[in-house]
Amino acid sequence: MILVGPPGAGKGTQAARLIDTYQIPHISSGDMLRAAVKEGTALGLQADSYMKGGHLVPDDVVIGMILERIQKPDCAHGFMLDGFPRTRPQAEALDTALRGAQVELDAVVLLEVPDQLIVDRITGRRSDPDTGTIYHLTFSPPPAELLAKLVQRKDDTAEAVATRLAKYHSETGPIVPFYDGMNILRRVDGVGEPDVVTTRIIAVLGPVVGRPSPGA
Ligand code: AP5
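Overview of the structure.

Cut-off values and rules
- Residues numbered from 1 in each chain as written.
- Predicted model: local features only at pLDDT ≥ 70, side-chain atom pairs only at ≥ 80, totals over all residues.
- Heavy atoms only, no water.
- Axes fitted to C-alpha atoms, helices over the stretch in contact; angles between N-to-C directions.
- Helix = DSSP H or I, 4+ residues; strand = E, 2+ residues; numbered from the N terminus.
- Parallel < 35°, antiparallel > 145°, perpendicular 65-115°, else oblique.
- Left-handed = near helix turned anticlockwise from the far one by under 90°.
- Contact = heavy atoms within 4.5 Å.
- Nonpolar A, V, L, I, M, F, W, Y, C, P; charged D, E, K, R; others polar.
- Near = heavy atom within 4 Å.
- Polar contact = N/O pair within 3.5 Å; in protein donor to acceptor, adjacent residues only side chain to side chain.
- Areas by Shrake-Rupley, 256 points an atom, 1.4 Å probe, with all protein chains shown as cover.
- Salt bridge = Lys/Arg side-chain N within 4 Å of Asp/Glu carboxyl O.
- Buried < 20%, exposed > 50% of the residue type's maximum accessible area, 1.4 Å probe, protein only.

## Some remarks on the packing of helix H6 (residues 115-123) against helix H7 (residues 158-172)
So, point 1. Contact geometry for H6 and H7: axes closest at 10 Å, N-to-C directions at 135°. Compared by their axis directions, H6 and H7 come out oblique. The two elements H6 and H7 meet at a crossing, and its hand is right-handed. Two secondary-structure elements touch here, H6 through Asp115, Ile118, Val119, Ile122 and Thr123 and H7 through Ala158, Val161, Arg164, Leu165 and His169.
So, point 2. Looking at the contact of H6 with H7 residue by residue, the classes come out as 6 nonpolar, 2 polar and 2 charged.

Structure representation (structure tokens):
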């Protein structure tokens, strides 16, 4: 399955919850690129300048990275993509690769959040560098003892967010009709408490993606 939505829609927040339910790996293109930047790999050096300004990393770089990742053994029973595809060429490359491997996508969840809520969500985001847990200073406050070690992403400035939102509408928007045409697009309201949003996603996915684990 794929999670799509504007920056700050809650894709990472929801993915962390959904992997417990569906027991499939969470593959975030943004997390993979940030890890490459941190490690200083060739891919990371190439991606860094694009990411800092809120621009998209070139398709050929990201497509290669993700197609390699989904061939790993832990993806044999399914996977959850977050942040990929986010252009029409990326969606087409994924489609070709999945057809070649005779793998069918079950669902593409589009988390819908209005632009005016995005800036507040993103500028208040902080994450734990050790566990990757995502917090928000107001909406999902961290425990007081963690506050000092939390970090803010380099692309979470108001200026970069404006660029990321514009790119989302111009570049990622066209993948929505692509998946709608395949009849696998599921629109989910991303406004509300995170638990409420999770319940909405499971409600649209339940019948199509595997089976939630007991107690979920
Ligand atoms: P990426 O890391 O994918 O960032 P993004 O898509 O901009 O999304 P975010 O991670 O900012 O937001 P999210 O939806 O995960 O929200 P979150 O759960 O954290 O990409 C970063 C960059 O990498 C791109 O700009 C690009 O340069 C590059 N890149 C990545 N993939 C690429 C690709 N395929 N092609 C080309 N370039 C690529 O939530 C945000 C905040 O809101 C948090 O503080 C959270 O606590 C809070 N929150 C979450 N849910 C709620 C809720 N329901 N109510 C209130 N607050 C909430």
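## A word on the site of the ligand
So, point 1. Around the ligand, the structure places 33 residues, and the nearest of them are Thr13, Ser29, His55, Arg125 and Arg164.
So, point 2. Contact distances for the ligand include 2.8 Å between an oxygen atom and a backbone N or O atom of glycine 8.
So, point 3. Taking arginine 125, its side chain carries an N or O atom lying 2.5 Å from an oxygen atom of the ligand.
So, point 4. Notes on the ligand: free accessible area 1,100 Å², of which the protein chains cover 96%.
So, point 5. Within the residue set of the shell around the ligand, elements represented by two or more residues are helix H1 (11-22), helix H2 (29-39) and strand E6 (134-136).
So, point 6. For the shell around the ligand, the element with the most residues is H2, which contributes 4 residues.
So, point 7. Taken together, the residues of the shell around the ligand sort by class into 13 nonpolar, 12 polar and 8 charged.

## Points about the pattern of salt bridges
So, point 1. Per the stated rule, a full pass over the model turns up 15 salt bridges.
So, point 2. Between arginine 88 and glutamate 92 there is a salt bridge whose closest N-O contact spans 3.0 Å. Placement of the pair is arginine 88 and glutamate 92 together in helix H5 (residues 88-100), with a separation of 4 residues, close to one helical turn.
So, point 3. Classification of arginine 88 by relative accessible area gives partly exposed; the value is 34%.
So, point 4. Judged by its relative accessible area of 37%, glutamate 92 is partly exposed.
So, point 5. Arginine 153 serves as the salt-bridge partner of aspartate 155, at 3.0 Å between the closest nitrogen and oxygen.
So, point 6. Linked through salt bridges whose partners overlap, the residues forming this network are Arg125, Arg153, Asp155, Asp156 and Arg164.

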